[in-house]
Amino acid sequence: MAASIETTQQVQEMGERTYKYGFVTEIETETAPKGLSEDIVRFISAKKEEPAWLLEWRLKAYRRWLEMPEPKWANVTFPPIDYQDSYYYSAPKTMDGPNSLDEIDPELLRTYEKLGIPLKEQEILAGVTGVAVDAVFDSVSVATTFKGKLEEQGVIFCPISEAIREHPELVRKYLGSVVPPGDNKHACLNSAVFTDGSFVYIPKGVRCPMELSTYFRINAANTGQFERTLLIADAGSYVSYLEGCTAPMRDENQLHAAVVELIALDDAEIKYSTVQNWYPGDKNGKGGIYNFVTKRGACRGRNSKISWTQVETGSAITWKYPSCILQGDNSVGEFYSVAITNNYQQADTGTKMIHIGKNTRSRIVSKGISAGHAQQTYRGLVKISAKAEGARNHTQCDSLLIGDRCGAHTVPYIESKNRSAIVEHEATTSKISEDQLFYCRQRGLSEEDAVALVVNGFCREVLQQLPMEFAVEAQKLVSISLEGSVG
Amino acid sequence: MPESASPTTAQSFVAQFGALRDTLPGAGLPWLRELREDGIARFAKLGLPGPKVEAWKYTRLRPLERIGFVPAGAAAQVDLDKLPALLPHTGVGHRVVFVNGRLRQCLALLADQPEGVELGGLADALRHDPDPLAAELGRNGNGARARDGQPLFALNTAMMQDGLVLRVRRGISVALPIEVIYVGAPGPEPVAFHPRNLIVLEPGARATVVEHHIGLGAGAYFANGGTDIRIEEGAQLHHYKIQDEGPEAIHIATTHVELARDALYDGFILSKGARLSRQEVAVQLAGEGSECHLNGAYMLRGEQHCDITTTIDHLAPRTSSREVFKGVIDDQARAVFQGRITVHRDAQQSNGHQLSKALLLSDRAEIDAKPELEIFADDVKCSHGATVGDLDRDALFYLRARGIPEAAARDILIEAFLAETINNIAAEGLCPALMSSIGHWLGGTTGRTEP
């Protein structure tokens, strides 16, 4: 559908203004020397007062990383990354673990307030429960709320560096067990230089009393963020975890290479939601975050369930495949995704569902919207191993194109070795139908509103999977990301 | 077949080319020499495709590499009576026979060719009237345009000796199907041959070509075919192919189809033979309003491996494509379906639909499917679907409740499943022949493991 002249102007005017999280916090920081070397790895490990085994683990990963080739198969293009032209550790000064929220630099508190993230332990919204937040600022976690309340139930929710000190047995047992350091180049780099992230442990039979959430903020220039999240749901437990992220507007590209590992034991359920809104670069494709993330969950136990929901609107380049390894019998994996790319954004995202246990089920719903000059790819794998009796998968991926300078690609891989398994995949690509628009306009909606309505309907199936606090934000994001690009 | 001491490598083909270089048909033609040299250079550079090549991700050429092949010599003597006729009224239509890739004039009824139809062999054409072939053979640049570079197509260009040449002149309709039989006749040593076919339909022409690939005897042979098809404005080609090669055969076929404005290509592939087979079809919908139907069925058992790889490029506005492939896989067989539809920026208001369905009949059978969509135009409707599973239990129960034994019930369902791809075939007499081919396959079921 051709954009009207008005719309084109609007897009130009809006340009960078649409990214409202693009401010920089002026704060004194402590950084490691620029570049990457074994010394930097040792520096980070020393800074975190880590045990020897972890340093060894990091160094092993680093040496492996040096030899690993860059993954080239994704449908994204960018100049080679100069790994030496970046800082691998940056932390606000005097941030060596504040004991209470009162000790936090007020400048930081203001930053999070501006981002709309409550670091005060308040009963937010009208809801009954609050949201516990772990706020990660560049390389360190600056605050974690509601820790006390969670501890009453035995839930551990803390920065991973703290978990390494306080709960080494848990960390050692599970770290790298889902995403081994040698999994891919980006995960390997993360294993070597990860600085912080969240650690969650839900004990047996506990239903986590509130939503857990981590908010990632890249602030410093030329800094990569390498956080590591480890989430363990013990037998019969349940947790819903949210993740959000933003970064200032800068002309250079910044690297974000995170690793998320989820482990669900017998009858446990993990719901993991992401609203990814890293700075996407300006309208000419300058700047923005390279978001190269490895997320994987292992349904180790019987009847366990892992559900990924993601709303991807930011980042110059997204390379992300939240996956489920369905080991336990009757385990369930779900992946709901809305990805929106505009201007010169590129996204290569999707999921892997590896069916190993009997009667395992998976469901994939992916909605991609591409506008401007953006290129978007859904890349997924559904693999049914020979032992996965009665496995079931249904995949649906739909793409919507707005404008004739963008592209949408669907690359699903289906591999089945079991006759009793049923795998179904369907995909469509289309534009917003003239009939739908006409219907809306007839009822007095402007064209832009009509498009927003149709797009929201298109994404609805995924958005309604989000926890309420996020669903509202996500809906707004969807309309902001597309504002001006339609008409 | 005893395995030869020296296995096949890219180098062994390059060496074979070196030895044959000056005796290949058209060796005196500078343009053809250049094309062949380019082909062998590309092949030598790319080598035999391995696991790192995305387009060959699921297909290994191990059965090829294990055996040493020698170039097929002069056509072996083949008894006319041994050749099965696919179409019911042979003798009335046009019939061309190739043995080990070479035209057997004596078996072809070329005498009563209608006006405006040129039908013959490539080697002959290169001897008598080579010039019109230059543009056609070089059209697909030895596979340079394909993402994997099509090394085996490049090898075909270098080594091609013979093949079908069909040109239908402007406005001519060939009423009867042209049946082309390719016979693999393994000798004492495993042989390799590289037939190259050219089909050109001039504006408004119509023709139906039925390819029938069969093997005589159980020995190994390597058939590495290449086909260039060009369909000009408003012309229509119906192209049906039955691949029923010998049990140890390796059958690789690369087909390029280019369509001009309002042209139609209606392709169908039935793949049931060969130890290892790969059908790679690349369709370019280059003219506005052109249309492509590409359907097929495969039936596999034992240790067969069948790879269907299709790429359809919508390059012009209002083009449409429809693709349906269905297959059944038994025993330890493995099927691969890779289908890509690309709608380019200028191809507004195009439609592309693709469906791949597979039935796994045994616990050790495997299917790998990769249906891809690449869309660069916004005003399009495209979809693809893929399903994998066993027979529908409810349907099976329904039939059994009516007193039909399980084995028969399964056969009925499989037949019905595959029939959907066959029913649309326009060529008279071909549908029943294909259906009986399915029936025959079902009758030969061995070692099926019941649940």
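Residues numbered from 1 in each chain as written. Chains lettered and ligands numbered in written order. Predicted model: local features only at pLDDT ≥ 70, side-chain atom pairs only at ≥ 80, totals over all residues. Heavy atoms only, no water.

A.B. asks: Describe the overall build of chain B, and please don't skip the residues or the numbers.
C.D. replies: Across its full length, chain B holds 9 helices and 21 strands. Taken across its 451 residues, chain B has 61% of its residues classed as buried. Taking the contacts inside chain B whose residues are at least 6 apart along the sequence as the reference set, 85% of them involve residues at least 24 apart. Entry remark: accessible area of chain B is about 16,600 Å², with carbon and sulfur atoms responsible for 51%. (Helix = DSSP H or I, 4+ residues; strand = E, 2+ residues; numbered from the N terminus. Buried < 20%, exposed > 50% of the residue type's maximum accessible area, 1.4 Å probe, protein only. Contact = heavy atoms within 4.5 Å. Areas by Shrake-Rupley, 256 points an atom, 1.4 Å probe, with all protein chains shown as cover.)

A.B. asks: I'd like a description of the packing of helix α2 (residues 30-46) of chain B against helix α5 (residues 131-138) of chain B, backed by residues and values.
C.D. replies: All names here are of chain B. Where α2 meets α5, the closest approach of the two axes is 10 Å, and the angle between their N-to-C directions is 20 degrees. Here α2 lies roughly parallel to α5, going by the angle between them. Considering the relative orientation of α2 and α5, their crossing is left-handed. Within the contact between the two elements, α2 uses Trp31, Leu32 and Leu35 and α5 uses Leu133, Ala134, Leu137 and Gly138. (Axes fitted to C-alpha atoms, helices over the stretch in contact; angles between N-to-C directions. Parallel < 35°, antiparallel > 145°, perpendicular 65-115°, else oblique. Left-handed = near helix turned anticlockwise from the far one by under 90°.)

A.B. asks: Describe in detail helix α2 (residues 38-47) of chain A, supporting the description with residues and values.
C.D. replies: All names here are of chain A. All buried positions along α2 are accounted for by Ile40, Val41, Ile44 and Ser45. The buried side chains of α2 occupy one side of the element, clustering within an arc of 135 degrees when seen end-on. Away from the buried face of α2 by more than 90 degrees, exposed residues Asp39 and Ala46 are located. Downstream of α2 by a residue or two, Glu49 has a phi angle that is positive, lying close to 50 degrees. (Arc of directions from axis to C-beta.)

A.B. asks: Lay out the packing of aromatic side chains with the relevant residues and their values.
C.D. replies: Considering all chains together, one arrives at 19 aromatic pairs over all chains under this definition. Look at Phe13(B) and Phe43(B): their rings are 6.1 Å apart centre to centre, the planes differ by 75 degrees, and that puts the pair in the edge-to-face class. On the criterion of sequence distance, the pair formed by Phe13(B) in helix α1 (residues 10-20) and Phe43(B) in helix α2 is long-range, its members being 30 residues apart. This pair shows no difference in class: Phe13(B) is buried, exactly as Phe43(B) is. Aromatic rings pair up to connect Trp73(A), Phe78(A), Tyr290(A), Phe292(A), Trp319(A) and Tyr321(A) into one cluster. (Phe/Tyr/Trp six-rings, centres within 6.5 Å; stacked < 30°, edge-to-face > 60°.)

A.B. asks: Lay out the pattern of salt bridges with the relevant residues and their values.
C.D. replies: By the definition in use, this model includes 49 salt bridges over all chains. Asp183(A) is the partner of Arg296(A) in a salt bridge, and the nearest nitrogen-oxygen pair spans 2.7 Å. Within this pair, whereas Arg296(A) is found in strand β13 (residues 288-299), its partner Asp183(A) is found in the loop between α7 (168-174) and α8 (185-193), the two being separated by 113 residues in sequence. Connected through salt bridges with shared partners, the residues Glu118(B), Glu136(B), Arg139(B), Arg167(B), Arg169(B), Glu202(B), Arg230(B), Glu232(B) and Glu258(B) form a single ionic network. (Salt bridge = Lys/Arg side-chain N within 4 Å of Asp/Glu carboxyl O.)

A.B. asks: Break down the nonpolar core for me, citing the residues and quoting the values.
C.D. replies: Leu212(A), Ile231(B) and Ile329(B) are the most contacted members of the largest nonpolar core, which has 98 residues in total. Setting aside its immediate chain neighbours within four residues, Ile231(B) contacts Leu201(B), Gln236(B), Leu237(B), Val257(B), Glu258(B), Leu259(B), Ala260(B), Ala263(B), Leu264(B) and Tyr265(B). Core analysis: the second largest hydrophobic core is formed by 50 residues, Tyr89(A), Leu108(A), Leu189(A) and Leu255(A) among them. (Core = buried A, V, L, I, M, F, W, Y, C linked by side-chain atoms within 4.5 Å.)

A.B. asks: Before we move on, could you go through the pairing of strand β20 (residues 361-371) of chain A and cite the residues and values that matter?
C.D. replies: All names here are of chain A. In terms of residue burial, β20 counts as a mostly covered element, since 9 of its 11 residues are buried. As judged from the 10 bridges shared by strand β17 (residues 332-341) and β20, these two strands associate in the parallel manner. Looking at the pairing, Val338 lines up with Lys367 of β20. Taken together, the 11 bridges between β20 and strand β22 (residues 392-402) define a ladder with parallel strand orientation. Each bridged residue has a counterpart across the sheet, and for Val365 the counterpart in β22 is Gln396. (Pairing = 2+ DSSP bridges.)

A.B. asks: Just give me the short version of the interface of chain B and chain A, but keep the residues and values in it.
C.D. replies: Each partner contributes residues to the interface: chain B has 39 residues there, and chain A has 31 residues. Across the interface of chain B and chain A, roughly 2,900 Å² is buried in total on both sides, 46% from carbon and sulfur atoms. In this assembly, chain B and chain A are joined by 2 salt bridges. For the salt bridge of Lys417(A) with Glu366(B), the shortest nitrogen-to-oxygen distance reads 3.7 Å. Viewed at the interface, chain A and chain B are joined by 13 residue pairs in polar contact (both at pLDDT 80 or more). Mapped onto the side of chain B that touches chain A, the elements with two or more residues apiece are β20 (366-375) and β21 (381-389) of chain B. Ranked by the residues each element gives to the side of chain B that touches chain A, the list is headed by β20(B), at 10 residues. Counted by class, the side of chain B that touches chain A contains 16 nonpolar, 8 polar and 15 charged residues. In this structure, strand β24 (residues 422-430) of chain A lies alongside β21(B), joined through 7 bridges in antiparallel fashion. The residue bridging Val423(A) from the neighbouring strand is Val388(B), located in β21(B). (Buried area = accessible area lost by both parts, 1.4 Å probe. Polar contact = N/O pair within 3.5 Å; in protein donor to acceptor, adjacent residues only side chain to side chain. Nonpolar A, V, L, I, M, F, W, Y, C, P; charged D, E, K, R; others polar.)

A.B. asks: Which residues make up the pairing of strand β18 (residues 334-343) of chain B, and what values go with them?
C.D. replies: Residue and element names in this part refer to chain B. A large share of β18 lies buried, amounting to 9 of its 10 residues. Where strand β16 (residues 305-314) meets β18, 10 bridges bridge the pair, whose relative direction is parallel. Its bridge partner being in β18, Thr309 is matched across the sheet by Gln338. Summarising the sheet, β18 and β20 pair through 10 bridges and their orientation is parallel. When the sheet's bridge partners are listed, Ala335 is paired in β20 with Ile367.

A.B. asks: An account of the environment of Gly385(B) is requested, with residue identities and associated values reported.
C.D. replies: If you trace the backbone, Gly385(B) turns up in strand β21. On a C-alpha basis, the gap between Gly385(B) and Pro371(B) in space is 7.6 Å, while along the polypeptide they are 14 residues apart. Beyond its immediate chain neighbours, meaning those up to four positions away, Gly385(B) contacts His425(A), Glu426(A), Gln354(B), Leu355(B) and Ser356(B).

A.B. asks: Which residues make up the side chain of Glu227(A), and what values go with them?
C.D. replies: All names here are of chain A. For Glu227, the position within the fold is in the loop between β7 (211-217) and β8 (228-233). Lacking a salt bridge, the buried Glu227 has Lys295 as its closest oppositely charged neighbour, with an N-O distance of 6.8 Å. Separated by 2.9 Å, the side chains of Glu227 and His256 make a polar contact. Beyond its immediate chain neighbours, meaning those up to four positions away, Glu227 contacts Asn190, Asp196, Gly197, Phe216, His256, Ala257, Ala258 and Val259. (Lys, Arg positive; Asp, Glu negative; His and termini not counted.)

A.B. asks: Could you give an account of the state of the cysteines, naming the residues involved and the relevant values?
C.D. replies: All names here are of chain A. All chains considered together, the criterion is met by 0 disulfides over all chains. The cysteine Cys299 is free of any disulfide, with Cys324 supplying the nearest cysteine sulfur at 5.6 Å. Overall, the relative accessible area of 0% leaves Cys299 in the buried class. (Disulfide = S-S within 2.5 Å.)

A.B. asks: I'd like a description of the packing of α2(B) against helix α6 (residues 151-159) of chain B, backed by residues and values.
C.D. replies: When two helices pack together, you describe them by how their axes are tilted relative to each other and by the distance separating the axes. All names here are of chain B. Axis separation between α2 and α6 bottoms out at 7 Å; the angle between their running directions is 145 degrees. Seen from above, α2 lies across α6 with left-handed handedness. On the side of α2, the interface is formed by Leu35, Arg36, Gly39, Ile40, Arg42, Phe43 and Leu46, while α6 contributes Pro151, Leu152, Ala154, Leu155, Thr157, Ala158 and Met159. The residue makeup of the contact of α2 with α6, split by class, is 10 nonpolar, 2 polar and 2 charged.

A.B. asks: Hey, could you go over helix α3 (residues 52-67) of chain A for me, with residue numbers and the actual values?
C.D. replies: All names here are of chain A. Over its 16 residues, α3 extends 23 Å from the first C-alpha to the last, a length consistent with the 22 Å expected when each residue adds 1.5 Å. Taken as a whole, α3 has its buried residues at Trp53, Leu54, Trp57, Arg58, Leu59, Ala61, Tyr62 and Trp65. Looking at the buried positions of α3, the neighbouring elements they touch are α2, α6 (160-166), α7, α8 and β8. (Expected span 1.5 Å × (residues − 1).)

A.B. asks: So, the confidence of the model for chain B: which residues are in play, and what are the values?
C.D. replies: All names here are of chain B. On average, residues of chain B score 88 in pLDDT, and 91% of them are at 70 or above. The secondary-structure element of chain B with the lowest mean pLDDT is strand β2 (residues 94-99), recorded at 85, while strand β12 (residues 250-259) shows the highest, at 97. Across residues 446-451, confidence stays below pLDDT 50; counting only partners more than four residues off in sequence or on other chains, it has 17 contacts. (pLDDT = per-residue confidence, 0-100.)

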